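Understanding the architecture of this molecule
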Amino acid sequence: MAQIEIRDLGIDYRKPKSNEVFSAVDSVALSVEKGEFVTIVGSSGCGKSTLLMAVAGLVSLTRGSIEIDGKQVTGPGPDRAVVFQEASLLPWRSVRGNVKFGLEMQRWNGGDLNERAMQMIRLVGLGRFSDYHPHQLSGGMRQRVNIARALAVDPEVLLMDEPFGALDAQTREIMGAELLRIWERAKKTALFVTHDIDEAIFLADKIVVMGRNPGHIKEVIKVDLPRPRNEAILDSDAFHELRKRLRAHLAEDMSSMQLVQEVA
Amino acid sequence: MRSAEITAEPAETRQLSLSFLRPSRSAVIGTLAVLAFLVLWQIAPTMGWVNGRFTSRPTEVFVAAIDIFRNDNFLYHARISLTEFVAGFALAIVVSIPLGVLLGTSKIARYLIDPPLMALYIAPTLVLLPIMVIWLGIDMAPKIAVVFLGAVFPIVLNTMAGMSEADPRFIRMARSFGATRFDIFTRVLVPGSLPALLTGLRLAVGRAVLGVIVGELFVSQAGIGYQLNLYGSAMRIDRLLVYALIVSAFGYTLTVIVRSVENKVRDWRSK
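Residues numbered from 1 in each chain as written. Chains lettered and ligands numbered in written order. Predicted model: local features only at pLDDT ≥ 70, side-chain atom pairs only at ≥ 80, totals over all residues.

On to the overall build of chain B, then. Helix and strand counts for chain B stand at 11 helices and zero strands. Shown N-terminal to C-terminal, the secondary structure of chain B runs as helices and strands in the order α-α-α-α-α-α-α-α-α-α-α. Against the 2.2 N^0.38 benchmark of 18 Å for 271 residues, chain B shows a C-alpha radius of gyration of 24 Å, more extended than a compact globule. The C-alpha extent of chain B, read off along each of the three principal axes, is 75 × 60 × 30 Å. Sequence separation of at least 24 residues holds for 73% of the intrachain contacts in chain B that already meet a minimum separation of 6. (Helix = DSSP H or I, 4+ residues; strand = E, 2+ residues; numbered from the N terminus. Rg over C-alpha atoms; globule rule 2.2 N^0.38 Å. Contact = placed C-beta atoms within 7 Å.)

The parts lose accessible area when they come together, and the size of an interface is often stated as this lost area. Residue and element names in this part refer to chain A. What the domain assignment lists for chain A is domain 1 (35-62 + 70-79 + 158-263) and domain 2 (88-154). Ranked by residue count, the leading element in the side of domain 1 that touches domain 2 is helix 5 (residues 169-186), at four residues. Counted by class, the side of domain 1 that touches domain 2 contains nine nonpolar, one polar and no charged residues. (Domains from an automatic or database assignment. Nonpolar A, V, L, I, M, F, W, Y, C, P; charged D, E, K, R; others polar.)

Our focus in this paragraph is the pairing of strand 8 (residues 189-194) of chain A. All names here are of chain A. For strand 8, the buried fraction is high: six of the six residues fall into the buried class. In strand 8, alternate side chains face the same way, and those of Thr189, Leu191 and Val193 on one face and Ala190, Phe192 and Thr194 on the other are all buried. As judged from the five bridges shared by strand 3 (residues 37-41) and strand 8, these two strands associate in the parallel manner. The residue bridging Phe37 from the neighbouring strand is Ala190, located in strand 8. With five bridges connecting them, strand 7 (residues 157-161) and strand 8 associate as parallel partners. Bridge pairing in strand 8 places Asp161 opposite Val193. Read from strand 7 through helix 5 to strand 8, the crossover connection turns out right-handed. (Buried ≥ 20, exposed ≤ 12 C-beta atoms within 10 Å, placed from the backbone. Pairing = 2+ DSSP bridges. Right-handed = clockwise from strand over helix to strand, strands pointing away.)

Before going further, it helps to spend a moment on the nonpolar core. Ranked by size, the top nonpolar core spans 125 residues in total, and within it Ile40, Leu159 and Leu191 of chain A carry the most contacts. The leading source of residues in this core is helix 7 (residues 140-164) of chain B, at 15 residues. Residues contacting Leu159 of chain A, with those up to four places away along its chain left out, are Leu52, Val55, Ala56, Arg80, Ala81, Val82 and Leu191 of chain A. (Core = buried A, V, L, I, M, F, W, Y, C linked by C-beta atoms within 7 Å.)

A few words now on the domain arrangement of chain B. According to the domain assignment, chain B consists of domain 1 (16-55) and domain 2 (67-269). For domain 1 of chain B and domain 2 of chain B, the distance between their C-alpha centres works out to 33 Å.

Attention shifts here to the confidence of the model for chain B. Residues and elements named next belong to chain B. Put simply, chain B has an average pLDDT of 87, and 90% of its residues get 70 or more. By mean pLDDT, the top-scoring element of chain B is helix 4 (residues 74-105) (94), and the lowest-scoring one is helix 5 (residues 107-122) (84). Both scores are available for the predicted complex, with the pTM at 0.79 and the ipTM at 0.88. (pLDDT = per-residue confidence, 0-100.)

Time to look at the sheet that holds strand 1 (residues 4-14) of chain A. Residues and elements named next belong to chain A. In space, the four strands of this open sheet follow the order 2-1-4-5, with antiparallel pairing throughout. Looking along the sheet, the strands with just one partner apiece sit at the ends: strand 2 (21-32) and strand 5 (71-72). Pairing between strand 1 and strand 2: eight bridges, direction antiparallel. Considered in strand 2, the bridge of Ile6 is made with Leu30.

Next up, the structure:
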């Protein structure tokens, strides 16, 4: 059985002003195998982050169900950890303090908290910076801390919401390769939301392409590129092929968006 | 990892500084200006530019200061004023922090109490002084009440703001790790609102000092304000100035202390 099983998922929001109900995600079905790296890609407003937050248990479902290892998701749980896009490091805590935060919240009792945190900090390559505070770190370093904090609680599933979205292109590439290195060691199931096509392909075993109005899955593409991967793969024919396919999907979405704008 | 990712080294490697031996230009100019003013003030009455009865002289103020510390029951009066200050301020802290926390975390409480609170904050609480005297007499009690009223609102309002303006992304992050409401309160809201609370305390210091002095000026039997009244009617400019300096130094010192704690706590915000 798959590790994550999403069935007929629908999430509605009530707009705060008009009280109008709108559907962020509708009729989504997806299964993710244990140890699989799944990227979710789509243009902004396609509900990809909402989907991820629903798996995290931070958004309540309107229809359908999400199961992890056969257990219904009703809220956050120690089997999942989230790497947020930004600003989720507590500025008054040091790197180590931030990495310990999740462990503290989950009342972790698998040994010394400091040791566990340091282990994770070294894993993401920040050993020297454990006493630094977030404002002393670059964007890339902050996201490493963010990842270390999520890995520290030893989740079954790692949920990442555009973690490299705010980084410059070069740092982003480095972080992508770094994430794969960590993932190959940690062997976690990973759900990774992005709007960057190359990133989506580079990381994935499976790409979920989402479309808008309401957010739905357009296609699930299997990625058979060999692992371990490095930057060289970006120039392979197989990669180009996948890139073309994804571009076409996103272009379709963009043109339908323009149409809506013209009508309005 | 690339070294370009390191944006800031910690400031611990600061080199040994001997800059106090080479005072900055602004310090030199400032000191000279003060000296010039003192000299001018000293000679002006002698030269007949001003009436020394109204301006006194630096030397007279200095002598008055020594006299006050020696013979004026200074410690007795200072103790009275300080007691009023500490009692009123402590009472304000005890009441305002829980109230600020409640208002900052509960929307309903905020809707209920915020408008009158804001009105009271803006209105000078000293207008209530005569009422306090009628209710509480002319002893320390009405001054304590006025100090309390002056200090309580800035602390409540700043604590409330610090609590309610917590970054929702932090709260979501904490929830994702299974944080309870209590965890979120103690680990996210409290540390996050500490700088705002300290700002409230700092603003409260000034109002509290004002409360003590004005309260004593209005009606009292002892205290710094009482002494001010006494020497005011005796036209002792020299002694009045000494007391004015003492009061400002007290308020200034407290403010500086709170501000330095504030800056330390707020350090993480500086980018």
